[in-house]
Amino acid sequence: MRDYLQHARECYGRRTWAAAYEAFSAADQKTPLDVDDLERLATSAYLIGRDLEFERCLDRLHRAYVEAGDRPRAARSAFWLCLSLLLRGEVAQSSAWGARGQRRVEGVDCVERGYLLLPIAELQLHQDKAEAAHATAATAAATGERFRDADLTAAACHVQGRALIQQGHVVAGLGLLDETMLAVIAGELSPIMTGLMYCSVIEACREVCATHRAREWTFALSGWCEQQSEMVAFTGVCLVHRAEIMQFHGAWPEALAEACRACERAKRVGRKPPAAAFYQQAEIHRLRGECAEAEEAYRAASRSGCDPQPGLALLRMAQGRTDAASAAIRRLVTTTADRRQRARLLPAYLEIMLATGDIQEARSACGELQALAETFDADVLRATAARAHGAIELAEGDARAALGPLRCAFEVWARLDASYECARVRVLLGQACRALGDNETSALEFGAARAVFEHLGARPELMRLDTIDTRTASSQQHPLTARERDVLRLIAAGKTNKAIAAALCVSGRTIDRHVSNILNKLDVPSRAAATAYAYDHKLL
């Protein structure tokens, strides 16, 4: 028995969790473990993905501590059961264990009273009661500091940070998350709490598009996971986050491989693959124009509990099903109030509104995205909004006004090392330069974008570039933009500028500019002459 336990404890100390689990389990079968070794068995079980075994161990620990009269440690076991069940979505059982833990420590001044506040704060966050969550977490943090408990202090601090972010105090909230991560990377926390803090903080950073922070903490999580090759609990999430970062920086094959690994690793140990891994696979397939594969991956994400939007709407747009794309994204945007979720949806909404020609809606969404970029202090949102601003100006025929925001977008994306996004902006820059008669610069921008798209295998963007080149050849004779042709058709139908503005959902000033551009480009003196020219040259 001593040899089994000695070996188990040595494995635990080396953080070889699977070996520790097997050794402690073997020892437990011969003679029931004492509470300290049972806690080690519980931790090992959790870290190799045996969640039910983890909870069975905690239930045994709770009963053992109750029988021994150790109320605080019984409450600690109840806390972990409460939190584990809450994270799995079993709220009723979680609440029951939380209430049981609270009863164990009634009248007892102990650190466990602070721990039992954490699930309450988490529920308050889920219910959008950020102010209450912040207050609850502050009480827990004070308890952690008074008892000098690093796990409780860090966990409570991180909940305070998330509560501040939910209230709109993003910079202050991110500061508290950074403070939490100092304790994490310094190795001050227990293994389970370390993994929980990594995952929660990275997710919070992603929600407010704090890309640099998410990347930094993801790389730190990756290093921590690699030091514990037998660990399963947090590696799937780590691989998904790594895939997202790789995709952002243009390493698409590697990103797809990481997302697939996340699924395969989960299946090997009998766990459900992370739904986000399927969504990430779908996104890469969509960007590469692999529509069937993207469709299947989005469906797999949906079956696993992950909303396949907004990616699925963008896929529908790529398939030419603009009505379906528009209906889906409009439904999402009109029914979503949370600013973090809107920040995730608005870039796709802008793409689809521009594609369907709803310039007024696109301009409104662009303004909202610009405001969110300042609220979150997020360069990703700034660059996205600037690109949309430029695209809107182009759609309205003002290429000169488009250049400023497009150059701004390009500079930000280049600083963030986002090659795909840089290339998409260069396409728009090329179109703006071409509209202004600078064909040489236009060709350079198109050529640079094409090289990136070819390297990435971004077939939809290459097809779009080919379409632009075809239009360029056609426009050498009749250099009207698509929007200007729309206006010309309505002029030919006898519509006034006011009626055209109403039909195209744009301002009267915009139509005035389009009409002026049409007359200048066709070198005709009047609307009637423009109509005659259009019929003579088959532009209608």
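About the criteria used
- Residues numbered from 1 in each chain as written.
- Predicted model: local features only at pLDDT ≥ 70, side-chain atom pairs only at ≥ 80, totals over all residues.
- Heavy atoms only, no water.
- Helix = DSSP H or I, 4+ residues; strand = E, 2+ residues; numbered from the N terminus.
- Expected span 1.5 Å × (residues − 1).
- Buried < 20%, exposed > 50% of the residue type's maximum accessible area, 1.4 Å probe, protein only.
- Contact = heavy atoms within 4.5 Å.
- Axes fitted to C-alpha atoms, helices over the stretch in contact; angles between N-to-C directions.
- Parallel < 35°, antiparallel > 145°, perpendicular 65-115°, else oblique.
- Left-handed = near helix turned anticlockwise from the far one by under 90°.
- Nonpolar A, V, L, I, M, F, W, Y, C, P; charged D, E, K, R; others polar.
- Domains from an automatic or database assignment.
- Arc of directions from axis to C-beta.
- Phe/Tyr/Trp six-rings, centres within 6.5 Å; stacked < 30°, edge-to-face > 60°.
- Lys NZ or Arg CZ within 6 Å of the ring centre and 35° of its normal.
- Salt bridge = Lys/Arg side-chain N within 4 Å of Asp/Glu carboxyl O.

J.: Looking at this structure, I do not really get helix α22 (residues 379–395). What am I missing?
T.: Since the α-helix packs 3.6 residues into each turn, any two residues three or four apart lie on the same face. In this model α22 runs 24 Å from its N-terminal to its C-terminal C-alpha over 17 residues, within 8% of the 24 Å that 1.5 Å per residue would give. Of all 17 residues in α22, 13 are buried, a share of seventy percent or more. Gly397, located one to two residues past α22, shows a positive phi value of around 85 degrees.

J.: When you look at the side chain of Gln280 in this model, what are you seeing that I'm missing?
T.: For Gln280, the position within the fold is in helix α16 (residues 275–287). When sequence neighbours within four positions are dropped, the list of residues in contact with Gln280 reads Ala243, Glu244, Gln247 and Ala259.

J.: Would you take a moment to explain the environment of Gln6 for this structure?
T.: Structurally, Gln6 can be placed in helix α1 (residues 2–14). Judged by its relative accessible area of 41%, Gln6 is partly exposed. Along the backbone, Gln6 and Phe24 are 18 residues apart, and their C-alpha atoms lie at a distance of 9.5 Å.

J.: Mind showing me how you'd approach the packing of helix α18 (residues 311–318) against helix α20 (residues 339–356) here?
T.: Between two packed helices, what matters for the description is the angle formed by their axes and the separation of those axes. Relative orientation of the contacting elements α18 and α20 amounts to 20 degrees, with a least axis distance of 10 Å. As the angle between them shows, α18 and α20 are arranged roughly parallel. Crossing handedness for the pair α18 and α20: left-handed. Across the interface between the two elements, Ala313, Leu314 and Met317 of α18 pack against Ala348, Glu351, Ile352 and Ala355 of α20. The residue makeup of the contact of α18 with α20, split by class, is six nonpolar, no polar and one charged.

J.: Would you explain the domain arrangement of the protein in this entry?
T.: Many structure descriptions define interface size as the accessible area lost when the parts assemble. Looking at the assigned domains, one finds that the protein contains domain 1 (1–108), domain 2 (378–477) and domain 3 (482–537). Spacing between the C-alpha centres of domain 1 and domain 2 amounts to 57 Å.

J.: Just checking my understanding: could you explain helix α13 (residues 211–226) for this structure?
T.: Taking 1.5 Å of rise per residue, 16 residues should cover 22 Å, and α13 covers 22 Å from first to last C-alpha, within 8% of that figure. For α13, the complete set of buried residues consists of Ala214, Trp217, Thr218, Leu221, Ser222, Trp224 and Cys225. Down the axis of α13, the smallest arc covering the buried residues is 160 degrees, so these residues share one side. Away from the buried face of α13 by more than 90 degrees, exposed residues Glu216 and Glu226 are located. Against α11 (170–185), α12 (191–207) and α14 (235–248) lie the buried residues of α13.

J.: Looking at this structure, I do not really get the packing of aromatic side chains. What am I missing?
T.: Remark: the centre distance and the inter-plane angle together describe each pair of aromatic rings, the angle taken between the planes. With the rule as written, the count across this model stands at 12 aromatic pairs. With a centroid separation of 6.4 Å and an interplanar angle of 75 degrees, the aromatic rings of Tyr12 and Phe24 are classed as edge-to-face. Residue Tyr12 is located in helix α1, and its partner Phe24 is located in helix α2 (residues 17–30); the two are separated by 12 residues in the primary sequence. Ring-pair connections join several aromatic residues into one group, and the members of that group are Tyr46, Phe54, Tyr198, Trp224 and Phe234. The positively charged end of Arg100 is found above the aromatic ring belonging to Trp97, 4.7 Å away from the centroid. Its end group placed over the ring of Tyr279, Arg344 keeps NZ or CZ at 5.7 Å from the ring centre.

J.: I tried to follow the packing of helix α3 (residues 35–47) against helix α4 (residues 51–68) on my own but got confused; where do I start?
T.: Running from N to C, α3 and α4 point in directions that differ by 160 degrees, and their axes come no closer than 8 Å. With respect to α4, the axis of α3 lies roughly antiparallel. The two elements α3 and α4 cross, and the hand of that crossing is left-handed. Within the contact between the two elements, α3 uses Val35, Leu38, Glu39, Leu41, Ala42, Ala45 and Tyr46 and α4 uses Asp51, Glu53, Phe54, Cys57, Arg60, Leu61, Ala64 and Tyr65.

J.: Explain the pattern of salt bridges to me, please; I cannot follow it from the model alone.
T.: Two side chains that carry opposite charge are able to pair once their charged atoms sit near each other. In this structure the tally under the stated criterion is 44 salt bridges. Of the charged contacts, one joins Arg40 and Asp37 as a salt bridge, the two residues approaching to 2.6 Å between their closest N and O atoms. Of this pair, Arg40 and Asp37 both sit in helix α3, separated by three residues, roughly a single helical turn. What makes Asp37 buried here is its relative accessible area of 1%. Among the salt bridges present, the one from Glu421 reaches Arg424, with a minimum N-O distance of 3.1 Å. Remark: Arg424 and Glu421 occur in helix α24 (residues 419–435); sequence separation between them is three residues, near one turn of the helix. Arg424 shares its class with Glu421; the two are buried.

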